[in-house]
Amino acid sequence: MIDPKIEESWKKVLFDEFQRSYFANLKTFLVAEKNQYRIYPKSANIFNAFAYTPFDKVKVVILGQDPYHGENQAHGLSFSVQDGIAHPPSLQNIFKELRDDIGCAIPKSGNLSAWAKQGVFLLNTVLTVRASEANSHRGQGWENFTDAVIRALSEQREHLVFILWGAPAGVKASLVDAKKHLILKAPHPSPLSSYRGFFGSHPFSKSNEYLIGKGIEPIKWCLD
């Protein structure tokens with residue numbers, strides 16, 4: 001069920017995690033889930049964030065919660081949907097902030113793979129979900145894995161931007177060395193919380209200002 005098809009640099013960094021007992025238990029859980037339910041994203045896409053963005057190419061981390069649970073939405077990149085799929089409400093608000101922050105036109109497609117290819121690591125804290133049941137794979141081991149991923153980025157890289165939207169993501173700031181990296185926290189872009197400070201938080205311009213200040217090529221955030 002899980003054959004981590006990830007870029008070679010990640011395999012080296014995460015080799016020990018794949019050997020741990022929690023990961024074996026997670027694989028067993030997912031096999032059982034797949035036998036009984038529809039699971040998103042498809043198996044081949046679960047580790048897409050790691051396939052699109054090599055460990056040594058990461059510049060910005062955008063942390064989400066768990067994958068979209070609607071049909072054909074999730075494809076292994078946080079907040080991203082596949083081409084031809086309507087923009088979910090959170091993504092609509094991300095694009096509104098993108099427009100207001102740096103003037104990008106709202107794109108037709110919600111596929112964020114162009115960001116991922118530039119070094120935007122689109123990570124969810126949980127990498128799978130049962131169809132139509134948000135948070136249904138919470139507490140099964142994914143959090144152990146993604147916490148290890150965040151720690152590895154913090155410890156082994158420098159001058160990264162960590163964009164943490166919402167309370168669950170904000171907690172992960174404790175895994176990041178704020179002396180080496182920029183941490184941008186804001187409310188979640190969901191319609192339930194976006195008006196509490198997500199809008200006007202300027203994550204895209206702040207990220208690029210930081211990267212430029214460190215001599216790193218900024219992200220081309222505009223998608224169309």
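Now for a description of the structure that goes with this document. Predicted model only: the values in this text are computed from it and were never measured.

So, how was this worked out
Residues numbered from 1 in each chain as written. Predicted model: local features only at pLDDT ≥ 70, side-chain atom pairs only at ≥ 80, totals over all residues. Heavy atoms only, no water. Phe/Tyr/Trp six-rings, centres within 6.5 Å; stacked < 30°, edge-to-face > 60°. Helix = DSSP H or I, 4+ residues; strand = E, 2+ residues; numbered from the N terminus. Buried < 20%, exposed > 50% of the residue type's maximum accessible area, 1.4 Å probe, protein only. Lys NZ or Arg CZ within 6 Å of the ring centre and 35° of its normal. Core = buried A, V, L, I, M, F, W, Y, C linked by side-chain atoms within 4.5 Å. Contact = heavy atoms within 4.5 Å.

Examining the packing of aromatic side chains
Part 1 of the reasoning: Inspection of every chain in the model, using the stated rule, returns 22 aromatic pairs.
Part 2 of the reasoning: Ring centres of F50 and F121 lie 5.2 Å apart, and the angle between their planes is 75°; this geometry places the pair in the edge-to-face category. On the criterion of sequence distance, the pair formed by F50 in helix 3 (residues 48–52) and F121 in strand 3 (residues 120–124) is long-range, its members being 71 residues apart. In this pair, the class of F50 matches that of F121, namely buried.
Part 3 of the reasoning: With a centroid separation of 5.2 Å and an interplanar angle of 85°, the aromatic rings of W165 and F198 are classed as edge-to-face. In this pair, W165 sits in strand 5 (residues 161–165) while F198 sits in the loop between strand 6 (182–186) and helix 8 (203–213), placing the two residues 33 residues apart along the sequence. As far as burial versus exposure is concerned, W165 and F198 are alike and both buried.
Part 4 of the reasoning: The ring of Y37 carries the charged tip of R130 above its face, separated from the ring centre by 3.7 Å.

Digging into the nonpolar core
Part 1 of the reasoning: By size, the foremost hydrophobic cluster in this structure holds 65 residues, and its most contacted members are F50 and F145.
Part 2 of the reasoning: Ranked by residues supplied to this core, first place goes to helix 6 (residues 142–156) with six residues.
Part 3 of the reasoning: Sequence-distant contacts of F50, that is, excluding residues within four places in its chain, are made with I6, E7, W10, L14, F121, L123, L127, F145 and V149.

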